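# Observations on chain architecture
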Amino acid sequence: MASGEGGGTDGDDTVPPPQARVVVALRWLMLVGLGALVVAGVSRFTSTRERQAAAALATAGGAATIHACPMHPAVTGPADSACPICGMRLIATSRGHAADGARAAPAPEPEPPASITIDAPATITAPERSLVQVTGRLSGWIEKLDVTETGRHVERGQILAQIYSPELIRAQKTLLNTRRWESNGQPNLSPSHDGEATGEMFAEARFRIEAFGLDSRDIDTILSKGLQRTVPVRAPQAGVVIRKDAVAGGYVQPGAPLFTIADLSTVSVVGDVLEADVGRVHVGQAARVLVRALPDETFTGQVSFMAPVLDSAGGSVQVRVDLPNPGLRLRPGSTATLRLALPARRALAAP
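Residues numbered from 1 in each chain as written. Predicted model: local features only at pLDDT ≥ 70, side-chain atom pairs only at ≥ 80, totals over all residues. Heavy atoms only, no water.

## A look at the pairing of strand S16 (residues 294–306)
The sheet contact formed by strand S15 (residues 286–291) and S16 spans 5 bridges and is antiparallel. For alanine 286, the partnering residue across the bridge sits in S16 and is glutamine 302. The hairpin formed by S15 and S16 contains 2 residues between the paired strands. Of the pairings in the sheet, the one linking S16 to strand S17 (residues 316–324) comprises 3 bridges and is antiparallel in character. Its bridge partner being in S17, valine 303 is matched across the sheet by valine 321. (Pairing = 2+ DSSP bridges. Helix = DSSP H or I, 4+ residues; strand = E, 2+ residues; numbered from the N terminus.)

## Observations concerning the pattern of salt bridges
Tallying each qualifying case throughout the model produces 11 salt bridges. A salt bridge links arginine 320 to aspartate 322, with the shortest nitrogen-to-oxygen separation between them at 3.5 Å. In this structure, a network of salt bridges that share partners links the residues Arg129, Arg320 and Asp322. (Salt bridge = Lys/Arg side-chain N within 4 Å of Asp/Glu carboxyl O.)

## Concerning the sheet that holds strand S11 (residues 239–244)
Spatially, S6-S13-S11-S8 is the arrangement adopted by the 4 strands of the open sheet, whose pairing is antiparallel. Two strands lie at the open edges of the sheet, namely strand S6 (131–135) and strand S8 (153–154), each paired on one side alone. As paired strands, S8 and S11 are joined by 2 bridges and run antiparallel to one another. By the bridge assignment for S11, histidine 153 is matched with valine 240.

## Regarding helix H5 (residues 216–225)
Along H5, the residues that are buried comprise Asp218, Ile219, Ile222 and Leu223. In a view along the axis of H5, the buried residues occupy a sector of 145 degrees, so they form one face of it. Exposed side of H5, more than 90 degrees from the buried face: Ser224 and Lys225 are the residues found there. Contacts from the buried residues of H5 go to helix H3 (166–183), helix H4 (201–210) and strand S10 (231–234). Phi turns positive, to about 95 degrees, at glycine 226, one or two residues after H5. (Buried < 20%, exposed > 50% of the residue type's maximum accessible area, 1.4 Å probe, protein only. Arc of directions from axis to C-beta. Contact = heavy atoms within 4.5 Å.)

## Observations regarding the nonpolar core
If you look at the biggest cluster of nonpolar residues, it comprises 29 residues, and the most contacted ones within it are Ile142, Leu160, Ile209 and Phe259. Among the secondary structure elements, those contributing two or more residues to this core are strand S7 (140–145), strand S9 (159–164), H3, H4, H5, S10 and strand S13 (257–262). With 4 residues, H3 is the largest single contributor of residues to this core. Apart from residues no more than four positions distant in its own chain, phenylalanine 259 is found in contact with Val132, Gln133, Val134, Leu145, Val147, Leu160, Ala161, Val241, Arg243, Lys244 and Ala246. The next biggest cluster of nonpolar side chains, apart from the first, holds 26 residues, and it includes Ala287, Val291, Phe299 and Leu338. (Core = buried A, V, L, I, M, F, W, Y, C linked by side-chain atoms within 4.5 Å.)

## Describing the side chain of serine 316
Considering the arrangement of structural elements, one finds serine 316 in strand S17. Of the residues examined, serine 316 reaches a relative accessible area of 6% and is grouped as buried. Residues contacting serine 316, with those up to four places away along its chain left out, are Asp272, Val273, Leu274, Glu275, Leu310 and Asp311.

## With respect to the state of the cysteines
Tallied over the entire structure, the rule returns 0 disulfides. Unpaired in this structure, cysteine 83 has its nearest cysteine sulfur neighbour in cysteine 69, at a distance of 3.6 Å. (Disulfide = S-S within 2.5 Å.)

## Comments concerning the layout of surface pockets
Considering only enclosed or pocket space, the largest pocket measures out at about 480 Å³ in volume. Lining the largest pocket are 23 residues, with Val134, Arg137, Gly213, Val233 and Arg234 positioned closest to its centre. Elements that contribute at least two residues to the lining of the largest pocket include exactly S6, H5 and S10. A breakdown of the residues in the lining of the largest pocket according to their chemical character gives 12 nonpolar, 5 polar and 6 charged. When its volume is computed, the second largest pocket comes out at roughly 170 Å³. Mapped onto the lining of the second largest pocket, the elements with two or more residues apiece are strand S14 (266–274) and S17. Looking at the lining of the second largest pocket element by element, the count peaks at 3 residues for S17. (1 Å grid on protein atoms, 1.4 Å probe; cavity = no way out; pocket = protein on both sides within 12 Å on 5 of 7 lines; lining within 4 Å. Points joined across faces, edges and corners; volume = space filled by probe spheres on them. Nonpolar A, V, L, I, M, F, W, Y, C, P; charged D, E, K, R; others polar.)

## A look at H3
For H3, spanning 18 residues, the distance from its first C-alpha to its last is 26 Å, which sits close to the expected 26 Å at 1.5 Å a residue. Residues of H3 that are buried: Leu168, Ile169, Ala171, Gln172, Leu175, Leu176 and Thr178. (Expected span 1.5 Å × (residues − 1).)

## Structural notes on the packing of aromatic side chains
Counted under the stated rule, the structure contains 1 aromatic pair. The lysine or arginine in question, arginine 229, covers the ring of tyrosine 164, its NZ or CZ lying 4.4 Å from the ring centre. (Phe/Tyr/Trp six-rings, centres within 6.5 Å; stacked < 30°, edge-to-face > 60°. Lys NZ or Arg CZ within 6 Å of the ring centre and 35° of its normal.)

## Some thoughts on the environment of serine 312
Of note, serine 312 is situated in the loop between S16 and S17. Among the residues examined, serine 312 registers a relative accessible area of 70% and is labelled exposed. Distance from serine 312 to glutamate 275, taken between C-alpha atoms, is 10.0 Å for residues 37 residues apart in sequence.

## Quick word on a nonpolar patch on the surface
Nonpolar side chains collect at one region of the surface, where Val22, Leu26 and Leu29 lie side by side and expose about 300 Å² of accessible area between them. Here leucine 26 is to be found in helix H2 (residues 18–59). Looking at leucine 26, the relative accessible area reads 47%, which means it is partly exposed. (Patch = residues over 30% accessible without salt bridge, like charges linked within 9 Å, V, L, I, M, F, W, Y side chains within 5 Å. Areas by Shrake-Rupley, 256 points an atom, 1.4 Å probe, with all protein chains shown as cover.)

Here it is as structure tokens:
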């Protein structure tokens, strides 16, 4: 009996009571429930983020730009959301998937060619080819000035001044005498203009007086009316007198400048283009001109000339545009702007 009781006692010590079994079962049930909740939460979070990313992609019309966490690229979402892991604001990423499922970083792409417009400071000038200088071809004195000031418009052949010259008086006498001699039966030889008295004397005398710059109409006046005390200086072309060196009573020497006449029916606009832009400017290129004195108007033309040398002081090259000037509204010396559209060139641009 003693041993039986002892055996029963040992058996009672090894077998847990019924309450302990219930507690263990409850613990396992709680662990399994918590695990199921975690799995469900993770699955719900992942599916929610996927739906949000798909919605953002659909809202963008299929664009490849989405928003992701900079610290956790796998976390994506709307533009105004935050990362649930670190709390950082989601930022936009560009097209393309990385190996870990995140969007690839944006890469610089070449922008389409873009043209630019430059404005070069410019000045309106009289075309060099239109300038004519009237000089004295004999020695004498200016007895009368018919054009007394600069800025006057003159026509071709208009009288500018009257000159008295002793040597021209002698030339007139020779011309009149040779005509009288020929009319009295002197031989009519072939003309010679080599300065020798071997040709027709009248033709030689007329040639010498023409060398003084006299117009044919003034020589005819001498032949018809006789000796003239003064002879006129006439304008060789129509234009504007932009410089006057002649003074009434002044002494004239051969080669001395008397008047400078410019034909302003066409003017030149000369601008300074920087060296960095010269390579994209060429002759024949379209240009627009804005004149300070005429702010409501824009004039169009073409580049007609580019200087072959660089202005070392300003680091620029002179570019010229010729413009018609009806009514002489464009005045030399006026300030202008030369606007040129440079051709496009390709460049890299990064966001």
